Amino acid sequence: LREAWLGAVAAPPGAAMETLAFLSSSAAGANNAHRTPPPLRGSFAAGAGALGGAKLSGGFSAASAAAGIMSVSLGAALARGRRRTQSIATIGRETKALPRNQFNKIANLAWGGAGFQQPQHSGHRSFGFLRKLLGRRAEGSAAAAKEKPGWQGAKLKPLAISVGIGLLIRFLIPIPAGLTPQAWSTLALFVATVAGIVTGPLPPPGVAFCALSVGLLSGTLTFAEGISAFTDEVLWLVLLAFFFTKGFSKTGLGDRIALNLVKAVGNTTLGLAYGLNLAEGALACGMPSSAARAAGVFYPLVLSVAKASGSDPANGTERKTGAFLIQSSFQATGNSSSLWLYGAAQNLLALRLAAQCGYVIPSPFISWLKASCVPALVAMALTPLLVFWVMPPEVKETPEAPKEAERKLKEMGPMSRDEAILGATVAGMLVLWAGSTAFGIPSVTTAILGLSTLLVTGTLKWDDCAGEKGAWTTMTWFAILVSMSAMLNKRGIVSWLANTISGAITGAGLSAVPAFFLLLGIYTFSHYGFASQVAHLSALYVPFIAMMVKTGTPPTVAVFALAFASNLFGSLTPYASAQAPVFYGGGYVTLKDWYKLGLIFMLFNLVVWIGVGSLWWKVLGFY
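Novice: How should I be thinking about helix H27 (residues 533-550) in this particular structure?
Specialist: In an α-helix, one full turn covers 3.6 residues, which means residues spaced three or four apart are oriented alike. The terminal C-alpha atoms of H27, which comprises 18 residues, lie 25 Å apart, in line with the 26 Å expected from a rise of 1.5 Å per residue. Two residues or fewer past H27, Gly552 is found with a positive phi of approximately 110°.

Below, the structure written as structure tokens:
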């Protein structure tokens, strides 16, 4: 308990487990708090929710256990009539002063309401120890509160690394012949910006604005050049994609689609995996955020089914069904994101960057689907089988999965008006996107029309859109980085880099096909050094397209091959994509197995996409 308490004090306020605990507390309070005397309701809701959150997460950690402890001590303060608790120190003092029988009652209610057996210790000694511990910690917290806060700005070490890289390129590496000092400064600024986004001295928008300020002050960029991409329709499509994702989560339509498929085909573990992957592929066409789709819709569903079948890392039964389902669902995301142009935000960015190099894909929605459909569907069909082979579930039958899905569907009730409107709107948008050339309606116009429909009907409120922090954050740093990337191309950096490296490859005697494999391999496996698919694509996509084309790869093949790889390498590591830490955090797969499986599936996807894709693209006339 002492370690748990100290862990909670040290943890940041937004720690994931504490967030889960307090979210769970609302459900616990709604269901059970009315059964307790009024002074104890706050403790019961928060304590039961905190411990219940720990239970759902697959076991206790320092932060999760401490969240429950803090909730119980908060209830102690409430029970003494304190309506507000100003600090940890106050919680501790109120807890220490509470009569033993009241404190024990609060703690017992919290543990029992979360579905746990009460601690197996004699009498009240464990709770007495806890009360003394809280009192001692309160004194230390009160003293610590008087200390001055530390540095709250940028992380200095990552900042020094990012700035140092930029200065090294600009002032220590000689400017190559044929490039101007301004062009070389643009490259140094761009590389330093990407380094900042990767190392994280500030959040990405903060890094982007700092880089923009350096560019403006040094004369490397004009204001118009630095923000030119803010008017780019592809960047607005990325922003609007987040709003449609919000619609799916708000209305519950995504959950309903997934649950109906689980209900239909979830009687076996393998059938359940196929049902989840089919739902993932279907939702990807209109839910353009792979992280929100995988982590927000499918991970909770997989976790619920695994727990219902008795698969829980806390009990050592993670291989029963959970590990298989977690990996099958996670590995499907890269292929479902590749299947549809709007399956992931980076797909739109890839085509925009390709267009900057002069490689424009006509009728992008149809062209993308034609290029991806065969290799993506083959990979999605084989993925559950490969997971079944490398990580076989101990339980092959899952009769509880359809029952759990049916129970949740009953809780949801019949399809709501907002779900129907969202479904019809997305279906209409897909028709307009598919026929954009015939109808003469640009993709961004279709997206704006769809959003307007949702706003007018009240399916989405503007507050929902304004509150999408991730959307505005992504739009901001995307736009600045894309603006810099355009200047790299305009000032000759991209062509210089492509000529230099492609010349070395040609000089080594490599023809077009070996050069393609070499460049694709370097681009793919360099993702071990990135924690963001978008940052990787923003930094390397344009120069690698140019190098592939210079060494003989047809432009269309280069554009699509690198774009699809930018989705597939999201499963390489536990940090390779936004959804990866969520799936890994469930505790069903060890770190060693995660890296091993990441490499296996990366090689598997490359074999499928290159083998099947090359034949299909030959039929399409790409080369």
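Novice: What am I meant to see in the layout of surface pockets here?
Specialist: Leftover empty space is mapped by rolling, across the atoms, a probe with the size of a water molecule. Estimates place the volume of the second largest pocket at around 470 Å³. Surrounding the second largest pocket, 21 residues form its lining, Val163, Leu189, Ala192, Ala211 and Val214 being those nearest its centre. The set of elements that each furnish at least two residues to the lining of the second largest pocket consists of helix H8 (156-172), helix H9 (181-199) and helix H10 (204-218). Per-element tally for the lining of the second largest pocket: the top contributor is H8, with 7 residues. A class-by-class count of the residues in the lining of the second largest pocket yields 13 nonpolar, 7 polar and 1 charged.

Novice: Can you help me understand helix H28 (residues 555-568) in this one?
Specialist: The terminal C-alpha atoms of H28 lie 20 Å apart, and with 14 residues this matches the ideal 20 Å at 1.5 Å per residue to within 8%. Within H28, 12 of the 14 residues are buried, which leaves the element mostly enclosed by the surrounding structure. Those residues of H28 lying buried are Val557, Ala558, Val559, Phe560, Ala561, Leu562, Ala563, Phe564, Ala565, Ser566, Asn567 and Leu568. Turning to H28, the residues buried within the fold contact helix H16 (322-339), helix H17 (345-356), helix H18 (364-390), helix H26 (512-525), H27 and helix H30 (591-620).

Novice: Any chance you could explain empty space enclosed by the protein here in plain terms?
Specialist: One pass over the structure, following the stated rule, counts 4 cavities of 30 Å³ or more. The volume enclosed by the largest cavity comes to roughly 90 Å³. Those elements giving two or more residues to the lining of the largest cavity turn out to be H16 and H28. If you tally residues by element for the lining of the largest cavity, the top one is H16, at 5 residues. Classifying every residue of the lining of the largest cavity by side-chain character gives 2 nonpolar, 13 polar and no charged.

Criteria and cut-off values
Residues numbered from 1 in each chain as written. Predicted model: local features only at pLDDT ≥ 70, side-chain atom pairs only at ≥ 80, totals over all residues. Heavy atoms only, no water. Helix = DSSP H or I, 4+ residues; strand = E, 2+ residues; numbered from the N terminus. Expected span 1.5 Å × (residues − 1). 1 Å grid on protein atoms, 1.4 Å probe; cavity = no way out; pocket = protein on both sides within 12 Å on 5 of 7 lines; lining within 4 Å. Points joined across faces, edges and corners; volume = space filled by probe spheres on them. Nonpolar A, V, L, I, M, F, W, Y, C, P; charged D, E, K, R; others polar. Buried < 20%, exposed > 50% of the residue type's maximum accessible area, 1.4 Å probe, protein only. Contact = heavy atoms within 4.5 Å.

Just distances and angles here, no functional claims.
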